[in-house]
Amino acid sequence: MSTAIQCALYLAILVAVGIPLGALMARVMDGKRCFLTPVMQPLEHGIYRLLRIDEHEQMGWKRYLVSVLAFSGIGLVFLIALQMVQAILPLNPQGLSGVSWDLAFNTAASFVTNTNWQAYSGETTLSYLSQFLGLTVQNYVSAATGIAVMFALIRGFRQVGTDGLGSFWVDMVRVVLYVLIPLNLAVSLCLAGGGVIQNLKPAEYTDLLEPVAVVEDGEGGYTVLDDAEIDGDTVTVDGEVVADAQVVTKQFLPQGPAASQVAIKQTGTNGGGFFGVNSAHPFENPSSFTNIIEMIGLLAIPVGCCFTFGIGVGDRKQGRAIFAAMFILLVVSVAIIAFNEQVGTPQLDAAGADIALTETQPGGNMEGKEARFGIATSSTWAGFTTAASNGAVNSMHDSYTPLGGMIAILQMALGEVVFGGVGCGLYGMIGFAILTVFIAGLMVGRTPEFLGKKIEPTEMRWAVVACLATPFAILVGSAIAAMAPGIMDSLSNAGAHGFSELLYTYVSCGGNNGSAFAGFNADTPFLNVSLGIVMLFVRFVPIVAILRIAGSLSSKKSVAASAGTLSTTNGMFVFLLIFIVLLIGALSFFPALALGPIAEFFQMLA
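Remember, predicted model here, so these are calculated numbers, not experimental data.

Asks: Can you help me understand the sheet that holds strand β5 (residues 240-241) in this one?
Replies: The strands making up a sheet are joined through hydrogen bonds of the backbone, oriented either antiparallel or parallel. The sheet built from three strands is open, its strands ordered β3-β4-β5 with antiparallel pairing. The sheet terminates laterally at β3 (229-231) and β5, the two strands that pair on one side only. Bridge count for β3 against strand β4 (residues 234-237) is three bridges, and the pairing is antiparallel. Looking across to β4, one finds that Asp-231 is bridged to Thr-234.

And the structure:
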């Protein structure tokens, strides 16, 4: 019962934050006054003058698209170069070397596409300059790009007989100034006040309370000798001296400007952790206070986007219908994950673990979870982060039960439309809504209409492209990887769970998510390049499709609703929309899921 109460509380707070945020974004989209106008408007107009941006420009869909691609392409090249030459740049107190070309490409593609997949550990790979000039900046602008494309789609629905979708540059400036900077300034201050580190100091070393003995594991890492007796530099186990053992007496304590990056990491649905273990690290997420702020930040803007859409198209009921479909899918997903993690597994029970929930211990499957957060908070976070195009974690998904891990995979595989990323989740769901009204129109023998615009072959073709780009890239990419030599060396498990690690990797990158089954070693040239290509494909192909749809819709005349017009705001439409999303996901991914988590589930029962 306590698990259910905690999950319900988190969902309630999420909705309470998302509604006013959606109203703010709707005003920002149209350049209307808001409480931030007196402070931000002079800066906004100054940027327009400096960059020679026409505030009143109306771009057609092609010019809007070219602007998106050019801006993202420049960011990609800059970020690759920054990582490769960081060794000779300032703000590198650890003296870290430049990043290899393949890892630099993968990381740049990851952050430019708002995926934030990380095949590296931040504290040991990237300088402070690379972290905040490269990654943090892309956290802002990649998130703003998704919201800007959503604005263009909204204008496509409400424009009549004109191809103007607004200005990409104006949308970018407004989103960053009025939404992302103020929101993340507040979140950063809360996180820093809650104990998340924010400094420019080099890493420190501190003495351990007790020395630890380790031996090399043959794979570049070390294994702790739990039963070792240490006398100076001599290590014995069961009375025998371990000649190759090493005695560790100090602990590495990373430092850096974490709070500012963690804030936008969460609210921009980026997910790239400042430290390798992301929000499971005590310097990145030290307490329940910081945990709830970070967790609500995961979905605050995506939830708000639903209400922005309703206000923007002049039909708030439409926004609430889209929200209802996403919210139902999220609640069901969180419930399934939390139930399976709380029940645990027969193997844990057989091994003597007490998996019963009591007043003194959490029970269930606590493997891979922080004791300070427990199962309810960890499961809710896992549901939120894979629903969003985020990928931040406060527990290790590789240790989840088979069905708990499967739901995480499925939420991403659906195209990140269970709220999804900032902007991109909303316009991805609109693609599914267009498919839904078309199929419903075929059922009743009428030309489908959506928000007063006829849905014709052009919209249908591009809606299919938008909806199928994700499963196409994931399935093709993972199939090629499964046959590639050397992939087995990247797996920490064999059999069904090993396949789940590989599948999760490509689903995460193809879903612009970025989380991982952390046992998978993805830092190889083949994986870095192939995953980078998948991330770029799945980010920009749907953007092309959505802007093409927006351009087509904006040139159409508005059609008055009639008695035969399908309502897109009632419960029946919400049900149909959920059905179409699940149908496409099931048809696309059931065979792959059957080889991975489903097979593992039945092996567990056996």
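Asks: Would you mind showing me how to read helix α18 (residues 571-595) here?
Replies: An α-helix turns once per 3.6 residues; consequently, residues spaced three or four apart project the same way. Compared with an ideal rise of 1.5 Å per residue, which puts 25 residues at 36 Å, α18 spans 35 Å between its outermost C-alpha atoms and is within 8% of the ideal. A bend of about 55 degrees at Phe-589 is the largest found in α18, and the proline Pro-591 appears one to four places after it.

Asks: How should the side chain of Asn-291 be read in this particular structure?
Replies: Among the structural elements, Asn-291 can be located in helix α9 (residues 288-312). By relative accessible area, Asn-291 is classed as buried at 3%. With near-sequence residues (within four places) excluded, Asn-291 lies in contact with Asn-285, Phe-373, Thr-377, Trp-381 and Asn-394.

Asks: Sorry, what's going on with the sheet that holds strand β6 (residues 246-253) here?
Replies: What the three strands build is an open sheet, ordered β2-β1-β6; its pairing is antiparallel. Bordering the open sheet on either side are β2 (222-224) and β6, each of which pairs with just one other strand. Across the sheet, the mean angle from the axis of one strand to that of its neighbour is 60 degrees, orientation sign disregarded. Where strand β1 (residues 204-216) and β2 come together, three bridges link them in antiparallel fashion. Bridged to Val-214 within β2 is Val-224.

Asks: What is the right way to look at the pattern of salt bridges in this model?
Replies: It is possible for side chains bearing opposite charge to pair when their charged atoms get close. According to the stated counting rule, one finds 13 salt bridges in the structure shown. Linking Glu-55 and Arg-174 is a salt bridge whose minimum nitrogen-to-oxygen distance equals 3.1 Å. Of the two residues, Glu-55 is situated in the loop between α2 (37-51) and α3 (61-84) and Arg-174 in helix α7 (residues 168-193); the sequence distance between them amounts to 119 residues. Given the relative accessible area of 10%, Arg-174 is considered buried. One salt bridge connects Lys-369 with Glu-341, and the closest N-O pair in it is separated by 2.8 Å. Of the two residues, Lys-369 is situated in the loop between α11 (346-350) and α12 (374-387) and Glu-341 in helix α10 (residues 316-343); the sequence distance between them amounts to 28 residues. Here Lys-369 and Glu-341 have matching classes, each one buried.

Cut-offs applied
Residues numbered from 1 in each chain as written. Predicted model: local features only at pLDDT ≥ 70, side-chain atom pairs only at ≥ 80, totals over all residues. Heavy atoms only, no water. Pairing = 2+ DSSP bridges. Helix = DSSP H or I, 4+ residues; strand = E, 2+ residues; numbered from the N terminus. Expected span 1.5 Å × (residues − 1). Bend = angle between axes of the 7 residues up to and from the residue. Buried < 20%, exposed > 50% of the residue type's maximum accessible area, 1.4 Å probe, protein only. Contact = heavy atoms within 4.5 Å. Axes fitted to C-alpha atoms, helices over the stretch in contact; angles between N-to-C directions. Salt bridge = Lys/Arg side-chain N within 4 Å of Asp/Glu carboxyl O.

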